[in-house]
Structure formats: C-alpha cells, structure tokens
Amino acid sequence: MLHQRNVKKVGRNDPCPCGSGMKYKKCCMNKEGNHFRPVDVKSQYAQKYRIRLKEEKDVEGIRKAGRLVVDTLDLVEERIRPGMKTDEINTIVHEYTLKHGAIPAPLNYRGYPKSVCVSLNEVICHGIPGDRVVEDGDIVNVDVTSILNGYYADASKTYFVGKPGVEAKKIVEVARNSLRIGLRQVKPGNTVGDIGWAIQLYAEGEGCSVVREFVGHGVGLDFHEPPQVPHYGRKGEGVPLVPGMVFTVEPMINLGKKDLYILDDEWTAVTEDGSLSAQFEQTVLVTQTGFESLTPFEI
Ligand code: MF3
Ligand code: CO
Ligand code: CO
C-alpha cells in the first residue's frame, strides 16, 4: 500500500484543493470523473502559496515559544511604570528571553538594533527602545518575538501607563476588539481576506483607521513567512484557510488617519497626523473547527 503520510482526505465542506476558494463539494467533488486524486494539501500549499503547513511537532514547538512570549509580556506589564525609559523594557525582555534559553528574534533582524519593539502613543510599530521616557497617560505597545528551539512566536499588547485619558481608552479598546473580531474569522473555509474585511468594517465603523503598510504574516519556522494577512480588504479574497496554517493577526489602528511615515532611524513608523495608534497581536493555528492561539492571552 502507498505510504499515506501527509496525505489528508478532503472533506465535503473543506476548501477545494484546486485553490478556487470554493468548498470542495461545490467545486471539484462533483466534476466529471473527479479529475484529481485525494490531494496532499501540504505540498499544494507549499507549491502554490509557499505556505509551510505545520505538523504537530512544529505546533508544539511554536506553542512553547508562545508560552514564553506571553510570560514575557506579563512580566513587562508588571514592571512598566511612569518615568521608565523604553530601553529598560528592552533589558527586561532581553534578559528574560535569554534566561529561558530563547533568542529575541528582533535583535539584528534586518539590522534592527534591539530585542523588542516598544511603540508609544503616535508610534504605530517598530519603535526602537532608547532614552524616551514613558509618562503617565501614555499608551505603550510592546511587541515580543522569541525563538525557542528554532521555533518563532510573535505577540504584542498595548498597555496603559498610569491613568489613561479618553482618547487612549478609545483607541486601545478599538485595537483590542479589532484583534478579537479578526480572529473570529479564522476557520477552515474562510479566507485570509475575511479577517481583514471584518477588522476594517469594525474599526472604520468606530471612526478609526486601519494601517495598510504593515500586515500579519505566517510565522513559526521563520519570523515572517507567507501568507501576508492584511487588516483591511474584501470578504472571500486571498488564500483559503486550512488546518495547519500558523500566522499572526496584528491590526494597527489609528485614532485619526491611516497615513504614516518612517523616522530617519528607518524603523519607527508614526502616524502622519500625530494621532494615537494601538495594536494587539497573537500567533494562531488554524484547526479543524476554528483556531487555537499559540500565544494565548485574554483579549
Ligand atoms: N514583531 C513585529 C511583527 O509583528 C516585527 C518586528 S521586526 C523588528 O511582525 F525587526 F522590528 F523587530
Ligand atoms: Co510582532
Ligand atoms: Co508579527
């Protein structure tokens, strides 16, 4: 008998392996002669989209890395206080990561000089830790990616420092809900486009805007893998979701306009209009019925 390792049977309601985005039963299942054999979804996603579907052992590795990322975020949450330099957050993340046998993925990634991204107020993402001091009323996004035994997990949260104002509360709530609403779309049969569609509909409905220049991404065996996961777009567009996909959803939401510019350091992205921006990110696995967060925290 043929060795059937990695050969998954396609269910009636699964996305059709031909890549049409339709359900199998509505597509090739009923075609005359059933023109293809039970398909190895894993090699099909590798060839067609360059997406590496994860095996159980990979998922376990990413889950462990994800646990460490969440613990790191919790430690930062405990320690963050007004008067602190963003570089102190870098030290906390760097030391905690090494202490647990992991590597901070940002350090030296494409020339990035630090171990974590710390993005305050009007900074959208990729803020480089340094001498900037966090003050009472600030919002601070801390984005942690750790490599543990070769596996990557990526997550971020936006914290209040001291007592938040009305605008800070609003943008953090909308960013948090955006991630939750995006994740609700993560299930087999939906597409990558459904995630962005749901987020955009919600966030714009709240009078906020969705950043276009940065997207979620496949993750796990590398820092940034295919597919790209935009936080805006049209329902039904893009790659059909199948079990074994691991990617981030990480909407960046601005209180004002969506436009941004990059500072001279070539990393820090800030809102063009100076409005507040917030973000939450998780790494998730597509399962048979929905998703599992590999960086689980309450959203
Ligand atoms: N963690 C970021 C993301 O969510 C990427 C940071 S790249 C760095 O994709 F080099 F700035 F660290
Ligand atoms: Co991240
Ligand atoms: Co990410």
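For the structure itself, consult the block above.
Since the model is a prediction, treat every value here as computed from it, not as a measurement.

How each quantity is defined
Residues numbered from 1 in each chain as written. Chains lettered and ligands numbered in written order. Predicted model: local features only at pLDDT ≥ 70, side-chain atom pairs only at ≥ 80, totals over all residues. Heavy atoms only, no water. Donors = N, O, S within 2.8 Å, 3.2 Å for Na, K, Ca; no water. Tetrahedral: all angles 85-135°; square planar, octahedral: opposite > 155°, others 65-115°. Helix = DSSP H or I, 4+ residues; strand = E, 2+ residues; numbered from the N terminus. Buried < 20%, exposed > 50% of the residue type's maximum accessible area, 1.4 Å probe, protein only. Salt bridge = Lys/Arg side-chain N within 4 Å of Asp/Glu carboxyl O. Core = buried A, V, L, I, M, F, W, Y, C linked by side-chain atoms within 4.5 Å. Contact = heavy atoms within 4.5 Å. Axes fitted to C-alpha atoms, helices over the stretch in contact; angles between N-to-C directions. Parallel < 35°, antiparallel > 145°, perpendicular 65-115°, else oblique. Left-handed = near helix turned anticlockwise from the far one by under 90°. Nonpolar A, V, L, I, M, F, W, Y, C, P; charged D, E, K, R; others polar.

Visitor: Even after reading the chapter, I still don't get the coordination of the cobalt ion (ligand 2), so can you show me in this structure?
Guide: In an ideal octahedron of six donors the angles at the metal are 90 or 180 degrees, and in an ideal tetrahedron of four donors they are 109.5 degrees. Distances from the cobalt ion (ligand 2) to its protein donors, D143 (OD), D143 (OD), D154 (OD) and E281 (OE), fall within 2.1 to 2.4 Å. Here the cobalt ion (ligand 2) binds six donor atoms, and the angle range of 58 to 167° at the metal identifies the geometry as irregular. Here the donor residues of the cobalt ion (ligand 2) are spaced in sequence according to D-x10-D-x126-E. A spacing of 3.2 Å is found between the cobalt ion (ligand 2) and the cobalt ion (ligand 3), which share D154 as a donor. Of this pair, D143 sits in strand 4 (residues 139–148) while E281 is found in the loop between strand 13 (277–279) and strand 14 (282–286), placing the two residues 138 residues apart along the sequence. Using a relative accessible area of 0% as the deciding quantity, one classes E281 as buried.

Visitor: Please clarify how the pattern of salt bridges should be interpreted in this entry.
Guide: Oppositely charged side chains may form a pair once their charged atoms are brought near each other. With the rule as written, the count across this model stands at 15 salt bridges. Here K85 makes a salt bridge to D131, at a shortest N to O gap of 3.7 Å. Separated by 46 residues along the polypeptide, K85 in the loop between helix 2 (56–79) and helix 3 (86–99) and D131 in the loop between strand 3 (123–125) and strand 4 bring together distant segments of the chain. The class for K85 is partly exposed, based on a relative accessible area of 36%. A salt bridge links K114 to D87; the nearest nitrogen and oxygen atoms lie 2.8 Å apart. Of the two residues, K114 sits in the loop between strand 1 (103–104) and strand 2 (117–120) while D87 sits in helix 3, which places them 27 residues apart along the sequence. Given a relative accessible area of 22%, K114 falls into the partly exposed group. Residue D87 is classed as partly exposed on the basis of its relative accessible area of 25%. Among the charged side chains, a network of salt bridges with common partners joins E56, R63 and E292.

Visitor: So what exactly am I meant to see when it comes to the nonpolar core here?
Guide: The nonpolar side chains of a soluble globular protein tend to be buried with one another. Counting residues in hydrophobic clusters, the biggest one holds 75 residues, and the most contacted among them are Y45, V142, I171, M245, F247 and I253. Broken down by element, the residue count for this core peaks at nine residues, all from helix 2. Contacts of M245, omitting those with residues within four sequence positions, involve Y45, I51, L53, P227, V239, P240, V284, L285 and V286. Counting seven residues, the second largest nonpolar core, distinct from the first, contains V211, M252, L260 and A269.

Visitor: How should the packing of helix 4 (residues 166–183) against helix 5 (residues 192–205) be read in this particular structure?
Guide: Across the interface, helix 4 lies against helix 5 with an axial gap of 8 Å and an inter-helix angle of 150°. On the basis of their axis angle, the class for helix 4 and helix 5 is roughly antiparallel. Crossing of helix 4 against helix 5: the hand is right-handed. Two secondary-structure elements touch here, helix 4 through E173, V174, N177, S178, I181 and G182 and helix 5 through I195, A198, I199, Y202 and A203. A breakdown of the residues in the contact of helix 4 with helix 5 according to their chemical character gives seven nonpolar, three polar and one charged.

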